[in-house]
Amino acid sequence: MAAHPLSDHFPGPVDPRLHARLLVPQESDREQLTEFIYDLLMQAATTEHLLSMQYLFACFTMKKYPEEFADYQPGASSPPQQAINEIRLAQIEVIRRWEANMLMVAREEMEHLCYVQNLLAILDKPPYLFRPNFPVPASSFPLQKPVNLMAFSNPAIQVFRYWEKPSHLPVPDPLKSYEMPDQLRPLFEAVPHPEAKPFDPEAMHAQASGWLLDLLDGKMDMNLRAQIADPLQNGTAFNSIEGLYFVIKYAFKLGLEYKIIEGKNMERIVNEHFGFNMQLNPLVLGQYYTYVEQSIQQIIEEGEGVWGVPPPLGSHFWVFQNILDELGSSETTRGLPFQPALPVAYNPTVAQNQDRHLASLQHGAQGDAAIYKVDNPVAVKAMILFNTVYNTMLQMLNGFFADYEIDQTTGLRPNHVNAYFQTVFYPFMTMIVRPLGELVCRLPASASYQPGSGRVPPVTAGPDFLIDIPVYDSAQRHSSVQAMKDVGDYTAAFNQMVALCKELANDCAGAGYHIANYQQVDARDFPACFNYLAESIGRISLNFSAYWDGAMKAPVSSRGFQNFPDTYN
Amino acid sequence: MPTLSISFDGFFLCRLATDPDPSAEQRGVSGFTYAIAGETLLEPSIWSQAKDVQATYGMKAPEFTDPLASNPVFNIMNIREASPDYEVYNQRGIGITVNEVQYNGEPYPNLLGKLKGGLVRFENRPASNGPWKGPIFEGRNQITSDGDPDRFTVNPMVFSISSPDDSKKVLRRFDPMSFSQPDAQLYQIFPNEEVVRRLPTQRFALSNTGLQQVGIDPDNIGAHFTNRLLWLQGKVVEAESMGKTALAEAYRSRHYAVNFFTQATGPTVLSNRLLSRIPLRQLYNHTLRGTAQMQPPPLFDDAFFAPFKVDTTKEWELLYYLGQYDGDLMSGFCSGTLSLPVQPLS
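Keep in mind the model is a prediction, meaning the values are calculated, not measured. (Residues numbered from 1 in each chain as written. Chains lettered and ligands numbered in written order. Predicted model: local features only at pLDDT ≥ 70, side-chain atom pairs only at ≥ 80, totals over all residues. Heavy atoms only, no water.)

**Student:** Can you walk me through the interface of chain B and chain A in this structure?
**Tutor:** Reports of interface size often rely on the accessible area that becomes lost once the parts have come together. With 67 residues of chain B at the contact, the number on the chain A side is 59 residues. When chain B packs against chain A, the two sides together hide about 5,700 Å² of surface, and 56% of this comes from carbon and sulfur. Taken together, the links from chain B to chain A amount to seven salt bridges. Residues K64(A) and E25(B) are paired through a salt bridge, measuring 2.6 Å at the closest nitrogen-oxygen approach. At the junction of chain B with chain A, the criterion picks out 27 residue pairs in polar contact (both at pLDDT 80 or more). Among the elements of the structure, β10 (202-204) and α6 (245-263) of chain B are those that each provide at least two residues to the side of chain B that touches chain A. Looking at which element gives the most residues to the side of chain B that touches chain A, the answer is α6(B), with eight residues. Split into classes, the residues belonging to the side of chain B that touches chain A amount to 30 nonpolar, 21 polar and 16 charged. (Contact = heavy atoms within 4.5 Å. Buried area = accessible area lost by both parts, 1.4 Å probe. Salt bridge = Lys/Arg side-chain N within 4 Å of Asp/Glu carboxyl O. Polar contact = N/O pair within 3.5 Å; in protein donor to acceptor, adjacent residues only side chain to side chain. Helix = DSSP H or I, 4+ residues; strand = E, 2+ residues; numbered from the N terminus. Nonpolar A, V, L, I, M, F, W, Y, C, P; charged D, E, K, R; others polar.)

**Student:** Please explain helix α17 (residues 526-549) of chain A as it appears in this structure.
**Tutor:** An α-helix turns once every 3.6 residues. As a result, residues three or four positions apart point the same way. All names here are of chain A. Between its first and last C-alpha, α17 extends 35 Å over 24 residues, near the 34 Å set by a 1.5 Å rise per residue. Within α17, 17 of the 24 residues are buried, leaving the element largely enclosed by the surrounding structure. One or two positions beyond α17, positive phi appears at G550, with a value near 85 degrees. (Expected span 1.5 Å × (residues − 1). Buried < 20%, exposed > 50% of the residue type's maximum accessible area, 1.4 Å probe, protein only.)

**Student:** Please explain the pairing of strand β9 (residues 169-175) of chain B as it appears in this structure.
**Tutor:** Two faces make up the sheet, and in a regular strand the side chains alternate between them. Residues and elements named next belong to chain B. Of all seven residues in β9, five are buried; the element is thus mostly enclosed. Pairing of strand β8 (residues 157-162) with β9 involves six bridges; the strand directions are antiparallel. Paired with V158 across the bridge in β9 is F174. Counted between consecutive antiparallel strands, the loop separating β8 from β9 contains six residues, among which D166 sits at a positive phi close to 65 degrees. (Pairing = 2+ DSSP bridges.)

**Student:** Please clarify how the packing of aromatic side chains should be interpreted in this entry.
**Tutor:** Aromatic rings considered in pairs are described by the distance between their centres and by the relative angle of their planes. Under the counting rule described, the total for this entry stands at 55 aromatic pairs over all chains. Between the aromatic rings of F199(A) and F246(A), the centroid separation amounts to 5.9 Å while the plane-to-plane angle is 55 degrees, which identifies the pairing as tilted. With F199(A) in the loop between α5 (185-189) and α6 (201-216) and F246(A) in helix α9 (residues 241-257), this pair connects stretches of sequence that are 47 residues apart. Here F199(A) and F246(A) have matching classes, each one buried. Cluster of aromatic residues (ring-pair linked, three or more members): Y420(A), F428(A), Y490(A), F494(A), F544(A) and W548(A). Directly above the aromatic system of F304(B) lies the positively charged group of K114(B), at a separation of 4.7 Å from the ring centroid. (Phe/Tyr/Trp six-rings, centres within 6.5 Å; stacked < 30°, edge-to-face > 60°. Lys NZ or Arg CZ within 6 Å of the ring centre and 35° of its normal.)

**Student:** Is there a simple way to think about the pattern of salt bridges in this case?
**Tutor:** A side chain with one charge may pair with a side chain of the opposite charge, provided their charged atoms come close. Residues and elements named next belong to chain A. Applying the stated rule across the entire model yields 51 salt bridges over all chains. Across the pair D355 and R356 runs a salt bridge whose closest N-O atoms are separated by 2.8 Å. Looking at D355, the relative accessible area reads 28%, which means it is partly exposed.

**Student:** Honestly, helix α1 (residues 50-57) of chain B in this entry has me stumped. Any pointers?
**Tutor:** All names here are of chain B. All of the buried residues in α1 are A50, D52, V53 and Y57. For α1, the angular spread of buried residues about the axis comes to 160 degrees, placing them on one side. Positive backbone phi, at 80 degrees, marks G58, one or two positions downstream of α1. (Arc of directions from axis to C-beta.)

Right, dumping it as C-alpha cells:
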C-alpha cells in the first residue's frame with residue numbers, strides 16, 4: 001500500500017500500516033488517542049512550568065544593590081576603596097542587564113505554558129498547572145538533567161543554556177563547572193551527559209508511528225505507556241523537548257486529519273498578550289491543526305531553534321550563551337572576586353514531609369541532601385506567604401484557562417473570567433510574586449542568624465514554589481490547583497496574605513533584619529516593602545470581588561480615546 | 001464670570017518604575033526605566049522644577065559628572081542629558097513655567113510681565129501620599145487604575161505658582177481625590193467612581209502638537225531614539241577614556257534599555273514601549289476644589305495679582321496635558337492652563 005501523503009511537508013508520509021489502521025477507526029481509538037495526547041500535553045505543561053519557575057528563581061537571587069557586595073563602602077574617601085566601589089557599581093549594571101534578559105525568557109516560558117493550555121482546550125481537556133516540587137530528578141524530565149532551584153551562577157547558567165540549546169550543538173557538562181555545589185552532583189550524575197546529535201525527525205517519525213500503531217492496537221509496551229502517563233513516577237520516555245513536541249504535533253495531526261478526534265473549544269483559546277508574543281489567530285474553528293502547528297513552532301523557535309535550524313540571536317539559547325561569555329570575562333577584567341547572586345540556598349524548602357519531593361522519593365539520602373530546609377522563622381513565614389500567593393495564582397490561572405471566553409467584538413469577558421484576567425497577570429505576577437520572591441531571597445535561611453549592620457546573611461532563603469501534596473498522588477495533582485468556585489474563598493486567601501504581610505513587616509523590624517541598601521536615599525526596607533504588599537493585596541481583593549460580581553467592568557469604554565495601534569501596545 | 005487664565009509649559013522629571021517591573025521597583029530591571037550607577041533609587045515622584053531635585057538630592061558625584069555636559073542642569077543628581085538633537089529639552093532642562101496670561105481670552109501684559117517664568121509646581125501632600133516625595137502617577141499595575149493600564153491620575157494634586165525668582169508662592173490650591181476623605185491615599189479609595197474626574201479625559205496616541213512642542217519631527221519619531229543610541233555609544237567611549245568605569249556601565253545600561261525597548265533585537269515584544277510613549281499625550285481637565293478647612297488651604301495673593309480678585313470658594317478649572325514621556329530621560333512635557341473665576345475689573 002502506498003504511503004499516504006499528508007497535506008504539508010510535516011512530518012512526511014504517514015507510515016502505510018498506520019494509514020491503513022487509521023482508515024478503519026475503532027470505537028476505542030478516540031479515547032486512546034485523546035488520553036495519549038493529554039498525557040503528553042501534561043508533560044509539556046510541566047516542562048514549561050518548571051523551566052519558567054527555575055528561571056524566575058535565579059532572577060530573584062540576583063544582586064540589585066552595590067551594598068550587597070561585602071566590600072562596597074558607600075561614601076569612602078580612600079582611593080583604593082573608591083576603586084572597589086566603582087567596580088561594584090559597574091557590576092551591578094551588568095547584573096541588571098542579565099536579569100532583564102532572563103526575566104524575558106521566563107515570561108516567554110509562561111507564554112509557552114499558555115499555548116499548551118490552549119492545546120489542552122482544543123483537545124477538550126481541562127487546564128494543567130501542576131508541577132512537581134524542586135529538585136526534579138533528571139529521569140523525570142525530558143532533558144536529561146535534574147531541575148533545581150539554583151541561584152544565579154556559572155553552573156546555573158550552564159544548565160539553562162543546556163535546556164535551550166539546539167540538539168546538535170555540543171555544550172560542556174554543567175557538572176564540570178567548578179562552582180557546582182557538591183550536594184547537587186549526585187542528581188546530575190544519575191544520568192550521563194548525553195552526546196550532542198542533531199534532532200532526527202525521520203527517526204522520531206518512525207518511533208512515533210510505531211507508538212501510535214501500538215497504542216491503537218492495544219499493544220503498546222506497558223512500561224512505555226506508564227512512562228507517558230506518569231513521567232514523574234515512572235521516568236520520561238523523551239530525551240529532548242523537540243521529541244516531545246514532535247510526537248504531540250504528530251498525534252494531533254493524525255487525530256484531526258483522520259477525524260479520530262475533533263478540535264473543540266475555540267472560545268477557550270487565549271490570545272491576550274500579557275506582553276507576550278502571542279500573535280496567532282485565535283479563531284481556530286476548522287483550522288485546529290494550523291494552530292497546533294504554529295504554536296509548537298513558536299515554542300521551539302523561541303527556545304533552541306526550529307528542528308535543527310540554528311537559533312535566532314534573540315533566542316533563549318543566545319541569552320544564556322551571552323551571559324556565560326560576559327560572566328567569564330567580568331572577573332578577569334575587573335580584578336575582584338565576583339558573585340553576582342545573593343547566597344541563596346539551593347532548593348530551599350519549607351516542606352515538612354519527604355513525599356513532597358521526587359528527589360527524596362527516588363534518590364533517598366542523596367535527594368534529601370540536595371534540599372535545604374529553611375528554619376529561620378521569619379523566612380519560613382515569608383516562604384509560606386509566597387506559597388500561598390503562588391498556589392492561589394495557580395488556582396486563578398486554572399479558572400481563567402478553564403472558563404475563558406471573550407466577546408471578539410466588545411472585548412468583554414464573563415465576570416468571573418474578567419476577575420481572573422484583571423488579577424492574575426498584571427497585578428498579581430508583577431506586583432506580588434516578583435517583589436515577594438526578591439524579598440524572600442534577602443531573608444536569612446538559618447534560625448541561628450544574628451543580624452549585623454544590614455549586610456547580607458551568610459545563607460539566604462528563597463521561594464520554593466511548594467505545592468504541598470504527596471507528589472505521587474495523581475488525583476491531588478489536579479485537585480490541588482483547581483480553581484475555587486466561591487469568590488469568598490479567594491477573599492479569604494487574600495486576607496490571609498494581607499495578615500502575613502503585616503506580620504512580616506513587624507517581624508523584620510523586631511528581628512532587626514534589613515535589606516543591605518536600607519541606608520540609601522529613598523531605600524525601602526523590609527517593613528515598607530511588606531506593608532506595600534499588604535496594601536496592594538488588600539486592594540486586589542476588593543477589585544477581584546467587584547469584577548467577579550460585575551460591579552467593576554473592564555476594559556473601560558474608550559470614549560474619544562485615541563488608543564495605541566496593536567504594534568505599540 | 002470673567003476668567004483669568006494662566007498658561008504654562010515645561011519638562012518634568014518622573015523616575016517611576018515601568019511595567020513589567022512592579023511599581024515599587026527601585027532599580028528598574030524588566031521595565032524601560034532604570035536607576036543607574038551614580039543616581040539615587042527610582043522614586044516615582046513628579047518633579048516640576050530642577051531646583052527642587054537639586055535641593056533634595058544634590059549634585060552628581062564627581063565620578064558621575066560629565067565635564068562635557070551641554071547644560072549645568074545635567075550636573076544635578078538624577079537629571080539626564082539627551083543627545084544633541086533633542087535641543088528643546090537640553091536647552092530648557094527640567095522646569096514648568098508660566099508662559100501666558102489672559103483675561104477673558106485676551107493677553108494681559110501687565111500681569112504677564114510679573115508672572116512670566118513663574119514656577120509651576122505639582123506639589124506633594126504627604127498626608128494623602130504615603131512615603132513619596134512628590135505627587136505620583138499611581139496605577140500599581142492596574143490595582144488602583146480602572147482596567148486601562150495607561151489611565152493614571154496625578155495624585156495628590158496640589159497645584160501652585162511661585163514668582164519667577166521663586167521667592168514667593170502666589171497661588172496654590174489642593175484638590176482632594178475624595179472630597180469626603182481628603183487624606184485617603186489612592187489605593188484606599190474604592191470603588192473608583194471618585195477617581196474618574198481626575199483621570200485623563202482624552203488620549204492622543206500620536207500627538208503632532210505634543211511632538212512639535214518638544215521639537216520632535218512627527219514624521220520621523222524613530223530617529224529620536226536612533227540618535228540617542230548613537231550618542232550613548234559615544235558617551236560609553238568617552239567615559240571609558242576618562243577612566244570612569246561605572247559611568248561607562250551606566251551609559252551602557254541606558255543604551256541597553258533604549259535598544260531593548262525600541263529595536264526589537266532581544267527576545268521581546270516590548271519593543272515599542274519607548275516609541276509609543278514619546279508621541280503620546282493625555283488631556284486632564286478637572287477642577288481644584290480644596291476648601292479652607294483642608295490642608296493646604298487655598299492661596300491667592302491679592303497683592304501680587306492686583307487688580308484681580310479671585311473667589312477661593314469657587315472651583316478653579318485646571319486643564320493640562322501630560323505626555324511626550326522619554327523613558328531614557330525619565331522626563332515628560334506638561335502644558336496647560338489654569339482658569340480662575342475673578343471679579344469683573346471696574
